[in-house]
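# Architecture at a glance
The primary structure of each chain is shown beneath.
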Amino acid sequence: MTNNVLVLLLIILFSTSCSKKLKTVNLTSIVDVDEIAIVRSDKKEKCNCEDPIAYIPDDRFPEFQDLKYVRVNFHFPNASNKKYNWTGEKAVTFSEKLIKSCNYQLINNIKMNLPEGNNTPVYDAGYRMELEEDKSTSSGMAVYEDVDDENWYYIKKGKGKNNYSKAIIKKFAIKKDSLLNFFAMAYPPDSLKVKGFSSGRAGIALGTSLKIAGVRKYTIDEAWKFASVSNHEIGHVFGLRHSWYKSDGCDDTPVHPNCWQSAESGKCEGVISNNMMDYNNIQRALSPCQIGIVMKTMHKENARARGLVKKDWCEYNPNKTLIVRKDLELNRAIDMKGDIIVEKNVTLRLSCRTHMPAGAKIIVKPGAKLILNGAKIHNDCGQSWGGFDIQSNGSKKGVIEYFGKVKIENLPNGQTGESDSE
Ligand SMILES: [Zn+2]
């Protein structure tokens, strides 16, 4: 063999191995996606996107479990003499201190007391309160003094009972669809003199607003004393029910007699609940399932309460890429802030709503499989996302499979698409 022939052979060998180059096809319209997708079934495989268990914090995937921030404003209803509630800087300070205390409890969630001997894990609640700014007020914060001589006070029992009344909310709530309107109310001084008047810390959630009562019974520095009742009411706003009942939708919150405090004997003897959604003198613990319910609500498209969550998932963040390295079935809605990469030979199954930020892509590597199981993929911010990058390397290809009705919306090219499997 001459040297020339050897060189030629080497060149041929080299060039054939190079022909197995990585190829990427970017699908940016529903027509493109439909063309490439393999229809596996006209039925969605069983998956309940509303199951709170699917929303329990999972350390493996911080990319789509960023903290959710609830936007809050404060109202301090008062009579026209301005005598009965916090005003000016004091009202702002009270609001700030209370929010800080609420967040402290959400960060420092505590272990469940019940059932006795439980091993229920303890997670950070995964959400926080954030006081909204408002340039139109003198403090620059969304803290308001609502003057209403008829409705400024709160009475929870007996004569003049108005705890369920929405009058003050209807009159003064601001941006109810995007802000949690927090009414920090006082008891009427006259009523406080009446023997037996119910004047403990109290509260009620009414739609996307809430009222708490008794804020003038304590000093500004004691604002923290309202953290538990506030978190309890905020819990209601985001779908939590009283947990001493069986019907609260959680198996990790046992039925119990709902004792305020422990007693020497009787039904309240021994260990009592410390759950945030019971009535007890601790009201601190949130179970994993309860956190799951709050997260489920915060991710539920069109849920009123989702509107109160700061929409911080619109902007693309290259540091929030979800890299799927092992087979993964996501049975929950997610709000992505970056790309999704399905690694070689790995399968990702999406069955619920997935938000992709502006320009973000779902990259399916050679040999990887993306199953869209009745899934919806969209951009929640009225922008378009980057579509699917399907990669191949020789005969090894990335694939998309459809099960049931798949909705792919907000692609850069072409309108919203809905794919039927037939
Ligand atoms: Zn309640």
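Let me begin by describing the structure that accompanies this report. (Residues numbered from 1 in each chain as written. Predicted model: local features only at pLDDT ≥ 70, side-chain atom pairs only at ≥ 80, totals over all residues. Heavy atoms only, no water.)

Turning next to the overall build of the chain. Each helix and strand in the chain was counted, giving seven helices and 22 strands. Expected size for 422 residues packed as a compact globule is a radius of gyration near 22 Å; at 28 Å, the chain overshoots this value by more than 25%. Taking all contacts inside the chain whose residues are at least 6 apart in sequence as the whole, residues at least 24 apart take part in 67%. Surface exposure of the chain reaches about 20,700 Å², of which carbon and sulfur atoms provide 50%. Each charge sign in the chain was given a centre, from 60 positive and 50 negative side chains, and these centres are 2 Å apart. (Helix = DSSP H or I, 4+ residues; strand = E, 2+ residues; numbered from the N terminus. Rg over C-alpha atoms; globule rule 2.2 N^0.38 Å. Contact = heavy atoms within 4.5 Å. Areas by Shrake-Rupley, 256 points an atom, 1.4 Å probe, with all protein chains shown as cover. Lys, Arg positive; Asp, Glu negative; His and termini not counted. Charge placed at Lys NZ, Arg CZ, Asp CG, Glu CD.)

In this section: the coordination of the zinc ion. In this structure, H232 (NE2), H236 (NE2) and H242 (NE2) serve as the protein donors to the zinc ion, at separations of 2.0 to 2.1 Å. Donor residues for the zinc ion sit on one chain with the sequence pattern H-x3-H-x5-H. With H232 in helix 6 (residues 227-237) and H242 in the loop between helix 6 and helix 7 (288-299), this pair connects stretches of sequence that are 10 residues apart. In this structure, H232 and H242 share a single accessibility class: buried. (Donors = N, O, S within 2.8 Å, 3.2 Å for Na, K, Ca; no water. Buried < 20%, exposed > 50% of the residue type's maximum accessible area, 1.4 Å probe, protein only.)

Now for the nonpolar core. Ranked by size, the top nonpolar core spans 52 residues in total, and within it F74, L98, Y127, L180 and F238 carry the most contacts. At the level of secondary structure, the elements contributing two or more residues to this core comprise strand 3 (68-75), helix 3 (88-107), strand 4 (127-131), strand 6 (180-185), strand 8 (209-213), helix 6 and helix 7. If you tally residues by element for this core, the top one is helix 3, at seven residues. Each of domain 1 (20-50 + 314-419) and domain 2 (67-307) accounts for three or more of the residues forming this core. Y127 has contacts with L67, K68, L106, M276, L286, V294, M295 and M298, leaving out every residue within four places of it along the chain. With 34 residues, the next largest nonpolar core counts L330, L370, I390 and V406 among its residues. (Core = buried A, V, L, I, M, F, W, Y, C linked by side-chain atoms within 4.5 Å. Domains from an automatic or database assignment.)

It is worth spelling out the packing of aromatic side chains at this point. On inspection of all chains with the given rule, the structure shows 14 aromatic pairs. Their ring planes at 10° and their centres at 4.4 Å tell us that Y84 and W152 sit as a pair that is stacked. Here Y84 is found in the loop between strand 3 and helix 3, whereas its partner W152 is found in the loop between strand 5 (143-144) and helix 4 (167-172), with 68 residues between them in sequence. Residue class for Y84 comes out partly exposed when judged on its relative accessible area of 24%. A relative accessible area of 6% means that W152 is categorised as buried. Consider the rings of Y154 and Y187, whose centres lie 6.3 Å apart with planes at 75°: the pair is edge-to-face. One end of the pair, Y154, is in the loop between strand 5 and helix 4; the other, Y187, is in the loop between strand 6 and helix 5 (189-193), and 33 residues separate them in sequence. One exposure class covers both Y154 and Y187, and it is buried. Grouping aromatic residues by their ring pairs yields a cluster made of F74, F76, W86, F94, F182, Y218 and F226. Over the aromatic face of W86 sits the side chain of R216, whose NZ or CZ is 4.0 Å from the ring centroid. Looking at K310, its charged tip hangs above the ring of Y69, at a distance of 5.2 Å from the centre. (Phe/Tyr/Trp six-rings, centres within 6.5 Å; stacked < 30°, edge-to-face > 60°. Lys NZ or Arg CZ within 6 Å of the ring centre and 35° of its normal.)

Next up on the list: the side chain of N379. Here N379 lies in the loop between strand 17 (376-378) and strand 18 (387-393). Among the polar contacts made by the side chain of N379, one reaches the main-chain carbonyl oxygen of M356 at a distance of 2.9 Å. In this structure the side chain of N379 is engaged in a polar contact, spanning 3.0 Å, whose partner is the backbone nitrogen of Q383. Other than its neighbours up to four places away in sequence, N379 contacts H355, M356, P357, A358, W385, E409 and N410. (Polar contact = N/O pair within 3.5 Å; in protein donor to acceptor, adjacent residues only side chain to side chain.)

Another aspect to go through is unusual backbone geometry. With an omega of -10°, the peptide bond running from L114 to P115 counts as cis. Mapped onto the elements of the fold, P115 is located in the loop between helix 3 and strand 4. With a phi close to 60°, N258 is a non-glycine residue in the positive phi region. In this structure, N302 is a non-glycine residue whose phi angle is positive, near 70°. Looking at the secondary structure, you find N302 in the loop between helix 7 and strand 9 (322-324).

Take the sheet that holds strand 10 (residues 328-330) next. The parallel open sheet is built from five strands, whose spatial order is 2-20-16-13-10. The strands lining the two open edges of the sheet, one partner per strand, are strand 2 (38-41) and strand 10. Ignoring which end each strand starts from, the neighbouring axes of this sheet average 20° apart. Bridge analysis of strand 10 against strand 13 (residues 347-350) gives three bridges, and the strand direction is parallel. Within strand 13, the residue paired with L328 across the bridge is L348. (Pairing = 2+ DSSP bridges. Axes fitted to C-alpha atoms, helices over the stretch in contact; angles between N-to-C directions.)

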